[in-house]
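Notes for the structure review
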Amino acid sequence: MRLGVRGRAAAVAVTAALAALTLLVAGWPGSAVDRARAANLDQLGSQLSAQQARQQSLSSSLSRLASLISSLNAQIALVQSREAAVRTELAHDRAALAAAHAALVRERALLALLRRRLARSRMLLGRQLVSSYEGDRPDLVSVVLNAHGFTDLLERLDFLHRAEKQQQSIISITRSAKARATVAAHRLGKLEARDQQIAEATLLHVRALAGMNALLQSRQAALAQARAAQQAALAASRARGRHLQAEIDRIHAAQAAAARAAAASSVSAFMPASAGPALGPGGGWAIPYAIVLCESGGQNLPPNWAGASGYYQIIPSTWAMFGGTGPAAYLTSKAEQDAVATRIWNGGAGAVNWDCAKIVGIIH
């Protein structure tokens, strides 16, 4: 036991016993099993190292992939902001296109109306010109001579004046209608050109959005596929690593059990006969029986050269520190030694106080 008892004779005896036991079992059939276990352990360790290296490589690859995904996310945010701007421009163009279409419809209706008015004006003017050409143009002298009195003269003069004025009005209306029709036709041409420009810009924006979406979907699909494949490979490698580690642990446990059995046999073989009757596994021990076997062989031993004594090989200073009565452990009952050892053991937290706990594989 530690706390001043390291290097005592019991540990030396156990070590010598283990060495002797190793020499004795070298020719036993079990040694071949041990060699097979060692070879299998080396093979499993090599495979486990390979899986760990693969896991490290996959983890690095996933880290790089995560960096690419982060970069893509930044690019996606940039493209999405550009897409929002394009959608705003597209909505503006569509509104302008709708307004242009409405104006175009109005201008076409106005142009049709003006052209009808112009045609009517031209028809009236033509009739007036034909009538003037076919009839004799009255002069002032003829009107005065053919008038029947002053009243008739005034009426004739008024009629001539109104006819001349009507003719001039028809000519003016015809000219105005032609000018307005010309302006409307020019404005209609501009609206048609603007309508064509807006339609082309709208088509370009629609194609741009389609290209942006196709790019994002392609890159996202590729990265998602790569990440899924690497995550699956990493999960498979980890599962294989856990399986290999379980096999290694199983072999280590078998080796530790064999070592404990050998230690128990060696302690029993080399323990002095004068130590008194030994208690077996059912002795109600306060610490694991394997440690008791290694420390005292289950006997209430007298003090060794370091002063450790009793079933648990406790030195006097430790015995007093943990509430033992009398000068040494071996002079008291087993019940009291059990109580003191329980306090030292402390639910396993004090296992390090016994060197044999490491020898028999309780702690590493």
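About the cut-offs
Residues numbered from 1 in each chain as written. Predicted model: local features only at pLDDT ≥ 70, side-chain atom pairs only at ≥ 80, totals over all residues. Heavy atoms only, no water. Helix = DSSP H or I, 4+ residues; strand = E, 2+ residues; numbered from the N terminus. Buried < 20%, exposed > 50% of the residue type's maximum accessible area, 1.4 Å probe, protein only. Contact = heavy atoms within 4.5 Å. Areas by Shrake-Rupley, 256 points an atom, 1.4 Å probe, with all protein chains shown as cover. Disulfide = S-S within 2.5 Å. Salt bridge = Lys/Arg side-chain N within 4 Å of Asp/Glu carboxyl O. Core = buried A, V, L, I, M, F, W, Y, C linked by side-chain atoms within 4.5 Å. Phe/Tyr/Trp six-rings, centres within 6.5 Å; stacked < 30°, edge-to-face > 60°. Lys NZ or Arg CZ within 6 Å of the ring centre and 35° of its normal. Patch = residues over 30% accessible without salt bridge, like charges linked within 9 Å, V, L, I, M, F, W, Y side chains within 5 Å.

Our focus in this paragraph is the overall build of the protein chain. Across its full length, the protein chain holds 8 helices and 0 strands. When its helices and strands are written in sequence order, the protein chain yields α-α-α-α-α-α-α-α. A buried classification covers 32% of the 364 residues belonging to the protein chain. Restricting the contact set of the protein chain to residue pairs at least 6 apart, pairs at least 24 apart contribute 71%. By element, 60% of the accessible surface of the protein chain is carried by carbon and sulfur atoms, the whole surface being about 21800 Å².

On to helix α5 (residues 289-296), then. Taken across its 8 residues, α5 has 6 buried, putting it largely inside the fold. Those residues of α5 lying buried are Ile291, Val292, Leu293, Cys294, Glu295 and Ser296. In the segment just after α5, glycine 297 is the residue with positive phi, at about 70 degrees.

Scanning the model with the defined rule gives 1 disulfide in all. Each disulfide pairs two cysteine sulfurs, and for cysteine 294 the partner residue is cysteine 356, the sulfurs being separated by 2.0 Å. Taking the torsion about the S-S bond as the criterion, the cysteine 294 to cysteine 356 disulfide, at about -65 degrees, is left-handed. With cysteine 294 in helix α5 and cysteine 356 in helix α8 (residues 355-359), this residue pair connects regions lying 62 residues apart in the sequence.

Okay, the pattern of salt bridges next. By the definition in use, this model includes 7 salt bridges. Across the salt bridge formed by glutamate 192 and arginine 108, the nearest N and O atoms sit 3.2 Å from each other. Placement of glutamate 192 in helix α4 (residues 149-270) and of arginine 108 in helix α2 (residues 29-134) is noted, with a sequence separation of 84 residues between them. Of the charged contacts, one joins aspartate 158 and arginine 162 as a salt bridge, the two residues approaching to 2.9 Å between their closest N and O atoms. Taken together, the residues aspartate 158 and arginine 162, both in helix α4 and 4 residues apart, mark about one turn of the helix.

Its identity is not glycine, yet glutamine 313 carries a phi of approximately 55 degrees, on the positive side. Residue placement: glutamine 313 occurs in the loop between α5 and α6 (316-321). A relative accessible area of 2% means that glutamine 313 is categorised as buried. A positive phi is found at asparagine 346, a non-glycine position, where the angle reads about 50 degrees. Along the chain, the position of asparagine 346 falls in the loop between α7 (334-345) and α8.

The subject of this paragraph is the nonpolar core. Residues Ile287, Ile291, Tyr312, Ile314, Trp345 and Trp354 are the most contacted members of the largest nonpolar core, which totals 20 residues. Listing elements by their share of this core, those giving two or more residues are α5, α7 and α8. At 4 residues, α7 tops the list of elements feeding residues into this core. Residue contacts for isoleucine 291: discarding those within four places in its chain leaves Trp345, Trp354, Cys356, Ala357, Val360 and Ile362. If you look at the next biggest cluster of nonpolar residues, it comprises 10 residues, including Leu65, Leu223, Ala233 and Leu234.

Next up on the list: the packing of aromatic side chains. Across all of its chains, the model carries 4 aromatic pairs by this definition. Here tryptophan 285 and tyrosine 312 contribute two aromatic rings whose centre-to-centre distance is 5.9 Å and whose plane-to-plane angle is 85 degrees, an arrangement assigned as edge-to-face. Note that tryptophan 285 is positioned in the loop between α4 and α5 and tyrosine 312 in the loop between α5 and α6, a separation of 27 residues in sequence. Accessibility expressed as a relative area gives 14% for tryptophan 285, which makes it buried. Cluster of aromatic residues (ring-pair linked, three or more members): Trp285, Tyr289, Tyr311 and Tyr312. One residue, lysine 334, lies across the ring of tryptophan 285, its end atom 4.5 Å from the ring centre.

The next point concerns the environment of alanine 84. Mapped onto the fold, alanine 84 is located in helix α2. Given a relative accessible area of 42%, alanine 84 falls into the partly exposed group.

Nonpolar side chains collect at one region of the surface, where Phe150, Leu154 and Leu157 lie side by side and expose about 300 Å² of accessible area between them. By the secondary structure assignment, leucine 157 is in helix α4.

Note that alanine 306 resides in the loop between α5 and α6. Considering only alpha carbons, one finds alanine 306 and proline 316, 10 residues apart in sequence, at a separation of 9.5 Å.

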